[in-house]
Structures are given as C-alpha cells and as structure tokens.
Amino acid sequence: MKLDDLAVDRIRDKVLDGVDLAATFVLAVECALTAVQADFDLFGILVLSFVGAVGGAVIRDLLLGEHPPAPFRDWRYAALAVAATVAVVVASLILGRVGNFTPPLLVDVFEGGGLALAAVAGARKCLDYKLNGASVVIIATVNGCGGGMLRDVLIARVPTVLHEDFYATAAVAGATLIVVLVHRFKLRQDLAGAIGGLAIFALRTAALFGEWRLPHLR
C-alpha cells in the first residue's frame, strides 16, 4: 500500500471514529434521560446509558467479525457514556429532575440525531469492509437501532423500533441513500454519509412532528 493510501485510511478512520463517538454521546444522553424518567438509581442510569449508547456498535462489530468490538477496545466509548450520565445527573441536581420537564418529543428528536449518527457510522464501516449494498443497509440499521432496542428491553417496554414506524424505516432509507450515492454516483463516503445522515434525521423528525404512520393491521 502506498504512503498516500495509508494517509487516506487514517483520515477515514478518524472520521469514522468521530461519527461513532458522537453517536455514542448523543445516545448516552438520551438513555440517561430515559433512565431518570424511569426512576432508576445512579447505577441504573449509568448502566442504561452505556448499554443504550454502545449496544448498536457492539452488535455491528460482532456481525463484521471484529473481536472484541470497538466499544470494548476503546476507552472513549465508556468515558463518553459516563460523561453523559454525569451531565444528566448534575443537571438534575441543579435544575431539579430533568426527566420531569424534558418534553418527550424533544427527547425523541434528540434520539433521532443519535439514530442518524449511528446508522451513518455503521454504513461507513461496512463500506470500508467492501460489503454488498444489502448488507450495508442491514448492518447500518442494526447499528442505528440496536442500542435503543436494548434500552427498551431493560426498562421493560416494547422496543420503539417495533411500533414507531419511521424509526428503523428512516435508518433503512438513509443507509440505502448512502449506498446509492457511493456505488452509483461515486460520491466520497464522507459526503454520502453526511447526506444520508441528514436524510435520516429529517425523516425521523418529520415523522415525529407529522405523526406519520405506516399501515397497521387491526
């Protein structure tokens, strides 16, 4: 491999790590808020924050054959989960129980940002592995939704992905867009990822405010 190729790979790795860590922090904050609303103790808040923040990335890396997964190799994932938990706890101590005055819609929109970042990280990593388009979409969606599913299981509620129509659907649409932009239109992965991430966040947010629903069988 040429020296220039190695430099490009390092830049790509830094971009991927940045997106993955940003997703971890956003999802950790959302999960910590959810834990406060569920009246968890301090340890419970930390556990839910960590599991919900890195769950999708752990499943992604296991599917890609990376052992151990990145969140267990890199201390920054755990540090960001702890930082998010501390931020929510401090806010609760200063402002009162943040879960009591945090609008559920605002929390869902904030989670939409984490969903977008995590799905983009999954798509980027799969593209680096040269996987086919279908595999990229599937693993990116799992990356985006996996942590939320584990969070919901731990707080004993039906996972959001199973009843919020434009949750996994948004991740699928955005990941598909990334694949098309990279494979069909030969866009750079970082640019395609940015466009796909914005599409996921826009679709999820629009669905929340517009109360969009897919057909249900009753």
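Residues numbered from 1 in each chain as written. Predicted model: local features only at pLDDT ≥ 70, side-chain atom pairs only at ≥ 80, totals over all residues. Heavy atoms only, no water.

Draft legend 1. Examining the packing of helix H2 (residues 42-64) against helix H6 (residues 104-128) more closely. Packing of H2 against H6 leaves a shortest axis separation of 11 Å and a crossing angle of 15°. As judged from the angle between their axes, H2 and H6 are roughly parallel. Once H2 is placed against H6, the crossing between them reads as right-handed. Between H2 and H6, the residues in contact are Arg 60, Asp 61 and Leu 64 and Ala 121, Gly 122, Lys 125 and Cys 126, respectively. By residue class, the composition of the contact of H2 with H6 is 3 nonpolar, 1 polar and 3 charged. (Axes fitted to C-alpha atoms, helices over the stretch in contact; angles between N-to-C directions. Helix = DSSP H or I, 4+ residues; strand = E, 2+ residues; numbered from the N terminus. Parallel < 35°, antiparallel > 145°, perpendicular 65-115°, else oblique. Left-handed = near helix turned anticlockwise from the far one by under 90°. Contact = heavy atoms within 4.5 Å. Nonpolar A, V, L, I, M, F, W, Y, C, P; charged D, E, K, R; others polar.)

Draft legend 2. Here's a closer look at empty space enclosed by the protein. Per the stated rule, a full pass over the model turns up 2 cavities of 30 Å³ or more. Put simply, the largest cavity is a space of about 50 Å³. Around the largest cavity sit Asp 20, Ala 23, Thr 24, Leu 27, Ala 53, Val 54, Gly 56, Ala 57, Ala 118 and Asn 143, which together line it. Counting only elements with at least two residues in the lining of the largest cavity, the list comes to helix H1 (3-37) and H2. Along the lines of polarity and charge, the residues of the lining of the largest cavity split into 6 nonpolar, 3 polar and 1 charged. Reported here for the second largest cavity is a volume of approximately 30 Å³. Lining the second largest cavity we find Leu 27, Glu 30, Cys 31, Gly 52, Glu 111, Gly 144, Gly 147, Gly 148, Arg 151 and Tyr 167. For the lining of the second largest cavity, the secondary structure elements donating two or more residues are H1 and helix H7 (133-154). Counting residues per element, the lining of the second largest cavity draws most heavily on H7, which supplies 4 residues. A class-by-class count of the residues in the lining of the second largest cavity yields 3 nonpolar, 4 polar and 3 charged. (1 Å grid on protein atoms, 1.4 Å probe; cavity = no way out; pocket = protein on both sides within 12 Å on 5 of 7 lines; lining within 4 Å. Points joined across faces, edges and corners; volume = space filled by probe spheres on them.)

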